[in-house]
Amino acid sequence: MPIVSADIRDDIAVITIDNPPVNALSLAVRSGLSRELALVNSDDRVEAIVIVCAGRTFCAGADISEFGKPPMDPSLPDLMTEMDAIEKPLVAAMHGTALGGGFEVALCCHYRVMDTGTKVGLPEVNLGLIPGAGGTQRLPRLIGVNAALDMITGGKPIDARKAVELGVADMLSADDLLEDAIMFARSLPPQDSVRRVSDLTVHADSEIFDIYKQKIAKRARGFLAPFTVIEAVKIATEMPFEEGIDFEREKFKELVASPQSKAQRHLFFAERAAAKIPGIDRSTPTRAINSVAVIGGGIMGCGIAINFLNVGVPVTLLEVSSEAADAAREKISKIYRSSVSKGRMTEEELLTNLANLSLSTEYEELSGADLIIEAVFEDMDVKKDVFAKLNAVAKPGAILATNTSFLDINDIASATSRPEDVIGLHFFSPAHIMPLLEVVRTGDTSDDVIASAFALAKNIRKTPVLSGVCYGFIANRMSSCYGREVGLLQLEGAGVEQIDQVMYDFGMPMGMFTMLDMAGIDIGVMARAKLSKDDYDERAFAVHGALVERGHKGQKSGSGFYIYDDDKTLNSEVETIAEEMAEKFGIERRTVSDQEIEERCVLALVNEGYKILEEGIALKESDIDVVFALGFGFPRYKGGPMHYARHLGLKNCLKNIEKYANTQGERWWTPSALLVKLAAEE
Ligand code: 3HC
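Residues numbered from 1 in each chain as written. Predicted model: local features only at pLDDT ≥ 70, side-chain atom pairs only at ≥ 80, totals over all residues. Heavy atoms only, no water.

Asks: Quick question: what am I supposed to make of the site of the ligand here?
Replies: Around the ligand sit 26 residues, and of these Arg-56, Glu-104, Glu-124, Arg-272 and Lys-276 come closest. Take Arg-272: an N or O atom from its side chain is 2.7 Å from an oxygen atom of the ligand. Taking 980 Å² as the accessible area of the ligand by itself, protein coverage stands at 76%. Looking at the shell around the ligand, the elements with two or more residues in it are strand E5 (97-99), helix H3 (101-108) and helix H11 (259-273). (Near = heavy atom within 4 Å. Polar contact = N/O pair within 3.5 Å; in protein donor to acceptor, adjacent residues only side chain to side chain. Areas by Shrake-Rupley, 256 points an atom, 1.4 Å probe, with all protein chains shown as cover. Helix = DSSP H or I, 4+ residues; strand = E, 2+ residues; numbered from the N terminus.)

Asks: Looking at this structure, how should I read the pairing of strand E13 (residues 371-374)?
Replies: Side chains on a regular strand alternate between the two faces of the sheet. Neither face of E13 is left uncovered, since the one carrying Leu-371 and Ile-373 and the one carrying Ile-372 and Glu-374 both have all their residues buried. Judged from the four bridges that link them, strand E10 (residues 292-295) and E13 form a sheet pairing that is parallel. By the bridge assignment, Val-292 is partnered in E13 with Leu-371. Read from E13 through helix H15 (residues 380-393) to strand E14 (residues 399-402), the crossover connection turns out right-handed. (Buried < 20%, exposed > 50% of the residue type's maximum accessible area, 1.4 Å probe, protein only. Pairing = 2+ DSSP bridges. Right-handed = clockwise from strand over helix to strand, strands pointing away.)

Asks: Would you mind showing me how to read the pattern of salt bridges here?
Replies: All chains considered together, the criterion is met by 45 salt bridges. Between Asp-78 and Arg-249 there is a salt bridge, with the nearest N and O atoms lying 3.5 Å from each other. A residue pair is termed long-range when its members are at least 10 positions apart, and Asp-78 in helix H2 (residues 76-84) and Arg-249 in helix H10 (residues 241-256) qualify at 171 residues. With a relative accessible area of 28%, Arg-249 lands in the partly exposed category. Put simply, Glu-485 and Arg-484 hold a salt bridge, and the shortest N to O gap is 3.0 Å. Each of Arg-484, Glu-485, Glu-492, Arg-590, Glu-596 and Arg-600 takes part in one network of salt bridges that share partners. (Salt bridge = Lys/Arg side-chain N within 4 Å of Asp/Glu carboxyl O.)

Asks: Where do I start with the side chain of Ser-339 in this structure?
Replies: Structurally, Ser-339 can be placed in helix H13 (residues 322-341). Residue Ser-339 is classed as buried on the basis of its relative accessible area of 16%. With residues up to four places along the chain from it excluded, the contact list for Ser-339 reads Arg-344 and Met-345. (Contact = heavy atoms within 4.5 Å.)

Asks: I'm lost on the environment of Glu-104 in this one. Help?
Replies: Mapped onto the secondary structure, Glu-104 falls in helix H3. Distance in space between the C-alpha atoms of Glu-104 and Gln-490 is 51 Å, their sequence separation being 386 residues. With residues up to four places along the chain from it excluded, the contact list for Glu-104 reads Met-80, Leu-122, Glu-124, Pro-131, Gly-132, Ala-133, Gly-134 and Gly-135.

Asks: Would you explain the sheet that holds strand E6 (residues 111-115) in this entry?
Replies: Whenever strands of a sheet pair, they do so through backbone hydrogen bonds, lying parallel or antiparallel. On the basis of which strands lie adjacent, the open sheet formed by six strands has the order E1-E2-E3-E4-E6-E9 and mixed pairing. A strand with exactly one partner marks an edge of an open sheet, and here the two such strands are strand E1 (4-9) and strand E9 (171-173). Averaged over all adjacent pairs, the angle separating strand axes in this sheet is 20°, with direction ignored. Taken strand by strand, helix H1 (residues 27-41) contacts E1, strand E2 (12-17), strand E3 (48-53) and strand E4 (90-94), and its axis lies near 25° from that of E1. Packing against the sheet, H3 makes contact with E4 and E6, and its axis sits at approximately 145° to E4. (Axes fitted to C-alpha atoms, helices over the stretch in contact; angles between N-to-C directions.)

Asks: Help me understand unusual backbone geometry in this model?
Replies: For residues besides glycine, phi is generally negative; the peptide bonds are generally trans as well. A cis amide bond links Pro-20 to the next residue, Pro-21, at an omega of 5°. Looking at the element boundaries, Pro-21 is found in the loop between E2 and H1. Here the residue pair Ser-429 and Pro-430 is connected by a cis peptide bond, since its omega of -5° sits within 30 degrees of zero. One can find Pro-430 in the loop between strand E15 (422-427) and strand E16 (436-440).

Asks: What is the right way to look at helix H5 (residues 145-154) in this model?
Replies: Turn by turn, an α-helix covers 3.6 residues, leaving residues three or four places apart pointing in a common direction. Burial runs high along H5: seven of the ten residues are buried. Gly-155 sits one or two residues past H5 and shows a positive phi near 75°.

Asks: Honestly, the pairing of E2 in this entry has me stumped. Any pointers?
Replies: Of all six residues in E2, six are buried; the element is thus mostly enclosed. Because side chains alternate across E2, one face comprises the buried residues Ile-12, Val-14 and Thr-16, and the other comprises Ala-13, Ile-15 and Ile-17, equally buried. In this sheet, E2 lies alongside E1 in antiparallel orientation, the contact comprising six bridges. Within E2, the residue paired with Arg-9 across the bridge is Ile-12. A loop of two residues connects E1 with E2, the two strands running antiparallel in sequence, and Asp-10 in this loop sits at a positive phi of about 55°. The pairing of E2 with E3 spans six bridges and is parallel.

Asks: I keep staring at helix H27 (residues 650-664) and nothing clicks. Help me out?
Replies: An ideal rise of 1.5 Å per residue puts 21 Å on 15 residues; H27 measures up with 20 Å between its terminal C-alpha atoms. Those residues of H27 that sit buried are Leu-650, Cys-653, Leu-654, Asn-656, Ile-657, Tyr-660 and Ala-661. Buried residues of H27 fall within an arc of 165° about the axis and therefore sit on the same side. Along H27, the residues that are exposed and aim more than 90 degrees away from the buried face are Lys-655, Asn-662 and Thr-663. On its buried side, H27 packs onto helix H24 (594-614), helix H26 (641-648), helix H28 (666-669) and helix H29 (673-681). Following H27 by one or two positions, Gly-665 has its phi on the positive side, about 100°. (Expected span 1.5 Å × (residues − 1). Arc of directions from axis to C-beta.)

This is how it looks when you write it as structure tokens:
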């Protein structure tokens, strides 16, 4: 079966694209489509042409793996020009996710018939791009400037119902899509049935575009593509179609070659590669997870429970007393009520989800659960006690998971007689929102338990990354190094606001001190109290401890590194404490440059990342990028710390790490052996 084929059904030509898995517009698809369109266009029997796709979706876009390689003709824009010249009505019969170039092919058709489950969109901004096959010029002509800007700068698809409302879809099909599309094509009036979007015009006041730039300034901070989209859509209102297309094409080429798009494309493939684990594939059996139990109704436990309730999986939440259980239900209800008030869910969905929630105070009631996730206090003895109890009540084959952020899961599993069923499922707070799931395997976790964890992550719409066991796993081990450098820089003389601003400008969602205030400074202080001083740098966290002693625990106490009144202002005590601590530890204070702050924070991550790799804790560099981008908001346009290190050059990174080994000491700055090896090969 050719990738693109045509079938003449009386007066209608049906062109079918069959390029699994997602009908990406590869060279073979483009040339096949070009060839078949030319043939049916010149066939006198054909009155109208329907383009349809086989498999799970209409074309999901240009073939991203071709980007950055030498262009091969026909290009997608050339194909669009050919389509625009066709004199017979063109109907797109759409299903699945018609995205990017796929949606642009449909926009180049004269009509769009959609299966009711179809989603359409232009997600190019997520890859650091603008649409490059006419999307910025055709969509505003079809649906107006504001709706087009929302769709293209946001990158989120819309559903078929919305597509009808906006005038993108001409007909919905609830039954046989192809038959309906053929029927639609036959029903077109013989005259005026060719309706090219490129022939439409669109107008808007030029000030709309400045207002729109301000509207997206916060969410698109640091990204180039969304602002380029605004420029391109503005051109659609000012210039003839062809000039708009030329502008779009130039900007698309510039962006494809930009470090931002390379970084964002790297993350696209990295997120998918994270699910590929040597020795575990589609043939690995998975365990059915139809019921879940969560132990602990704190913020974390409640957030974890919500993930499963949201996808219709019943949850039993265990607490120590009925009062604590009631409080947990109230926390979950409150989160749901806030979602309803923001229009993110309906009252009916709220009731359905809550009806799936059971509260309990008895371990015996967890005996039917397929998966039990522990989210209790971060203490080894407490966790082992929980797992010993679970071992007694859980049914054979139940997966026993811990949400620990730091502790040794081999040790936790030793409290059971079935360590092969034990795994770490490390959620990030708030657990019902953050997209990352760190899946931690012990030396004993069985392959089917790992495969099941990856399958459940997909079900609850999280991106899973596999980690081995070490203190803090991938995410918190690296984050601790970042926190250490921030603390040391502060003692050396850098200001709280200075450090926060530098890393905010680097692209992090917020600075470390702001984050500590949000999370609660006392949490880290309590966690470190259980560690040996050999395991961390006590100098780096001395200010934290002193602040907590004085009642400054962060936002929850109204003050931490900052004071939270009407405004957020610097806590003046912090500098005095930092001076005292610097003196105590014999650290000479000096002016610290912004460049040093950024370099030390980033290189601490890079060096630790390579150590994590050489120890086999992470399977691949790109997994670490996914963890840091999704877990801590490392700017996607920089691709994650490891990709960024490659962008900076590994030799360059190593040189600077060696510089800090000389100035800061080798305790934390000994270069990773793997980094040394890879830098030599660069
Ligand atoms: N190009 C190349 N490969 C693609 C692709 C694309 N556009 N879209 C998906 N794939 C690959 C994935 O890498 C994956 O490969 P793998 O199995 O080897 O890992 C496979 O197809 C299946 O993808 P998913 O695992 O993501 O499958 P899902 O069912 O979860 O999701 C999807 C399907 C919603 C289509 C999702 O893949 C997606 O969002 N794809 C990207 C869509 C996109 O960004 N399109 C715009 C591309 S840029 C463009 O079109 C430019 C144009 O304006 C010129």
